[in-house]
Amino acid sequence: MNNRQFLKYMQYLEFGRPPHEFWGSTDLNQNLEYLEEGGPFDNTSTPRKYSDINNYDQIIYNYSIMRSGSTLLKQIMSEIFDYQKILYFYKWPRFKLFNPPQACHSPIIMTYRDFRDVILSTRRMRLSMHGLTKEESFRHLPTKKEILLLAEREVIPQINGFEAVSTMAKDRILMLRYEDFYGNYDHIFDKFESFFNSESYSEILKHHDHHNGLQISPDMRKRLKLKFSFENNFKKTEAHKNFRSWDTNTKSGLSLHGDHMNSGVLEEWRGLPNDLSSYMTEILYPYLQRWGYEK
């Protein structure tokens, strides 16, 4: 592994931002006014921002833990609903800004994943952003210092925001667990139909061109499974050198980056040596227990 690039990666983890409770709380305030796909990742001349949104009675939210299949959910949601009326978030401070009192009835789709696998996937993403391939990341085990920094600076602040949203808006949330929809897109479709076909969301559905409730037809299910299959999405990532490069022909909130995907295998963390997997579990244990990953 390139020692200089690895050192820059470690410096980023340790000094890239000060310790923080919530992911996004160290961002500049003006940056929070743009949606998650805004700023450097937006491929349009006018990235969407807070002042552009004035139709909260029509909005569907997506709030996700990063590296939890959230891009797949965005892709599917963008086909079933109106993209311009879907707001995507990973950051609690940004979500609070875009979720004013008038949005108190808007539905929220939330995705999460075993936080140990999130750490490993985040590691690959950050290494890729510093010019190190995922193949190199597989050849070199993470150190305990890496695991601690990834947990404290990357993943736990995201979980804190995720839990804040789930506590604040628990009566209007559809929770989707990565392990339940991995390789099973029908789980997503079935959950969508069950959740949105309540009287609470009938008016919102009309704004998304579903005037008789939400029915995801067999043909549409088949089309979306093919369009956003693991194989098709993976092919798109191969056109890009690393995570700093992405498909600029796609709306930025839906773009796939280089090294965006690996195998998506479940419980990848179990492949670590016991001392590392146990250490990771120890650091994350309260969160793992709350979300059903450690009984």
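Look a little higher up for the structure.
Cut-offs used in this document
Within each chain, residue numbers correspond to sequence positions counted from 1 in written order. Local features in a predicted model are, by the rule used here, given only for residues with pLDDT of at least 70; side-chain atom pairs are given and counted only at 80 or more, and totals for whole chains, interfaces and linings are based on all residues. To obtain the side-chain values, all non-hydrogen atoms of the structure were used and water was disregarded. Criterion for a salt bridge: a side-chain nitrogen of Lys or Arg within 4 Å of a carboxyl oxygen of Asp or Glu. In this text, helices come from DSSP runs of H or I with a minimum length of four residues, and strands from runs of E with a minimum of two, each type numbered from the N-terminal end. Working definition: with a 1.4 Å probe on protein chains only, accessible area under 20% of the residue-type maximum means buried, over 50% means exposed, and in between means partly exposed. We define a nonpolar core as any set of buried Ala, Val, Leu, Ile, Met, Phe, Trp, Tyr and Cys residues linked to one another through side-chain atoms lying within 4.5 Å. Whether two residues are in contact is decided by their heavy atoms, any of which lying within 4.5 Å being enough. Here, axes are lines fitted to C-alpha atoms. For helices the fit covers the stretch in contact, and angles between N-to-C directions go from 0 to 180 degrees. Each angle is binned into one of four classes, with values under 35 degrees roughly parallel, values over 145 roughly antiparallel, values of 65 to 115 roughly perpendicular, and all other values oblique. By definition, turning the near helix anticlockwise from the far helix through less than a right angle yields a left-handed crossing, and turning it clockwise yields a right-handed one. All amino acids are sorted into three groups, where Ala, Val, Leu, Ile, Met, Phe, Trp, Tyr, Cys and Pro are nonpolar, Asp, Glu, Lys and Arg are charged, and the leftover types, Gly among them, are polar.

K.L.:
Give me the lowdown on the pattern of salt bridges, citing residues and values where you can.
P.N.:
Under the criterion given, the structure shown has 20 salt bridges. Here Lys227 and Glu79 are joined by a salt bridge, their closest N and O atoms 2.6 Å apart. Of this pair, Lys227 sits in helix α11 (residues 218-227) while Glu79 sits in helix α3 (residues 70-80), placing them 148 residues apart in sequence. Residue class for Glu79 comes out partly exposed when judged on its relative accessible area of 25%.

K.L.:
Let's hear about the nonpolar core: which residues, and what values?
P.N.:
Tyr61, Tyr63, Ile108, Phe115 and Leu284 are the most contacted members of the largest nonpolar core, which totals 49 residues. Taken together, the elements giving at least two residues each to this core come down to α1 (3-15), β1 (60-64), β2 (86-89), α4 (92-98), β3 (108-112), α5 (115-129), α7 (144-168) and α13 (274-290). Residue contributions to this core peak at 10 residues, all from α7. Ignoring any residue separated from it by four or fewer positions in sequence, one finds Leu284 in contact with Phe115, Arg116, Ile119, Ala151 and Ile156. Ranked by size, the runner-up nonpolar core spans 28 residues in total, among them Met77, Tyr83, Tyr88 and Phe181.

K.L.:
Tell me about the packing of α3 against helix α9 (residues 185-196), and please be specific about residues and values.
P.N.:
A pair of packed helices is characterised by two quantities: the angle between their axes and the separation of those axes. It is the contact of α3 with α9, at a shortest axis distance of 12 Å, that shows an interaxial angle of 50°. Comparing the axis directions of α3 and α9 gives the class oblique. α3 and α9 meet at a crossing whose hand is right-handed. When α3 is examined against α9, the residues Leu72, Leu73, Ile76, Met77 and Ile80 are found in contact with a partner set consisting of Tyr185, Ile188, Phe189 and Phe192. For the contact of α3 with α9, the class distribution of residues is 9 nonpolar, no polar and no charged.

Shape descriptors only; they carry no functional weight alone.
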